[in-house]
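For reference, the chains in residue letters:
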Amino acid sequence: MVSASLHSALGLLRSPAAWLPGLTLGGIAAAFIVSQYYFGLFIAERLLVILLVLIPFFMAGVLSMVKSGESGIHSFLSGGLTGYFRILLPSLLILFAIIITIMLVLIPLMALGFGETALIFSVMTCTLSILFFTLFSDTAAVLEERTVFESIRRSVEFVIRNTHSCVVFYLTSLVIGGTIGFGTLLAWTAALYERLVPVSMMTPGEIQAFTPDQFNALIGQDGILITALIFFAGIALAFSLLYPFKAFFFRDYAGSGEGEPRLQGEYDSKGRWYKY
């Protein structure tokens, strides 16, 4: 059951190490928000790329905890070092495939005169369709120790064999992520309500012409810090929950009988894992 995988993910969060990927990603988002205010988008975007290279280490650390059943910081660190390139290389290959596919779809659409609509359509459809089948390449790379191309092939195979369960997993993740995202935006709007009122009174044309520098000036320095803090909390919570959820889902359904979940278990208060 998908719910059992979610329950296992919640159990893993009793270990402080399991929160590190979410806290890191939230910290990167907060650093981007603050740096674009003080140093501009040019530097902030390049800092973002550099910091995102660190994420595979923390993802591999969590996956190693799911694989071994150990929740200590030593297991996390050793797993992060071992699985770093196992996650990074397939991710870069998938990103490259998405970019190439978008270009191949975009060129004929632009030639037909669809303009900006073609760009939005190409980015959304190509990205979602490729990620639908390749989202589990990182889990396959670490949990099953697959090579770069094998991990991608394994992810496609896993989704095809467990299509119904994967759709339920995606919808469940969407609901959880959407709920956390809505709560984050609600908290942000409540905290900066008076400063955001002018934006709500703008016309669509004015909003489209609204620049990041104008937005920074509108909410001010303290508003930027509040924004960074709120989005740090929201992203940290969402990723800390959803990434272990994906790992346990793959582990539970990729056992000896594809399409049937494996024997479930949970972590106790001391971080020890027990089968049901």
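That block above? That's the structure.
Residues numbered from 1 in each chain as written. Predicted model: local features only at pLDDT ≥ 70, side-chain atom pairs only at ≥ 80, totals over all residues. Heavy atoms only, no water.

(A) Summary view of the pattern of salt bridges. According to the stated counting rule, one finds 12 salt bridges in the structure shown. Between E45 and R46 there is a salt bridge, with the nearest N and O atoms lying 3.9 Å from each other. Between E144 and R146 there is a salt bridge, and its shortest N-O distance comes to 3.0 Å. E144 gets classed as partly exposed once you look at its relative accessible area, which sits at 25%. Residues participating in the shared-partner salt-bridge network are E144, R146, E150, R153, R154, E157 and R161. (Salt bridge = Lys/Arg side-chain N within 4 Å of Asp/Glu carboxyl O. Buried < 20%, exposed > 50% of the residue type's maximum accessible area, 1.4 Å probe, protein only.)

(B) Structural context of the side chain of T24. In this structure, T24 sits in helix α2 (residues 20-38). When its relative accessible area of 16% is taken as the criterion, T24 is described as buried. (Helix = DSSP H or I, 4+ residues; strand = E, 2+ residues; numbered from the N terminus.)

(C) Region of the structure containing the packing of helix α6 (residues 116-134) against helix α8 (residues 148-161). With their axes 7 Å apart at the nearest point, α6 and α8 run at an angle of 90° to one another. Here α6 is positioned roughly perpendicular relative to α8, judged by the angle of their axes. In contact with F132, F133 and T134 of α6, α8 contributes I152, S155, V156, V159 and I160. In terms of residue class, the contact of α6 with α8 is built from six nonpolar, two polar and no charged. (Axes fitted to C-alpha atoms, helices over the stretch in contact; angles between N-to-C directions. Parallel < 35°, antiparallel > 145°, perpendicular 65-115°, else oblique. Contact = heavy atoms within 4.5 Å. Nonpolar A, V, L, I, M, F, W, Y, C, P; charged D, E, K, R; others polar.)

(D) Just the packing of aromatic side chains, in detail. Scanning the entire structure with this criterion turns up 22 aromatic pairs. With centroids separated by 6.3 Å and ring planes inclined at 90°, the aromatic side chains of F57 and F76 adopt a geometry described as edge-to-face. Here the residue F57 occupies a position in helix α4 (residues 55-68), and F76 occupies one in helix α5 (residues 73-111), the gap between them amounting to 19 residues. Considered together, F57 and F76 belong to a single accessibility category, that of buried residues. Between F169 and F249, the aromatic rings sit 4.7 Å apart at their centres with planes inclined by 15°, giving stacked as the arrangement. Remark: F249 occurs in helix α12 (residues 212-253) and F169 occurs in helix α9 (residues 163-191); sequence separation between them is 80 residues. Since its relative accessible area comes to 0%, F249 is described here as buried. Pairwise contacts between aromatic rings join F132, F133, F136, F158, F169, Y170, F245, F249, F250 and Y253 into one cluster. The side chain of R46 reaches across the aromatic face of F42, ending 3.7 Å from its centre. (Phe/Tyr/Trp six-rings, centres within 6.5 Å; stacked < 30°, edge-to-face > 60°. Lys NZ or Arg CZ within 6 Å of the ring centre and 35° of its normal.)

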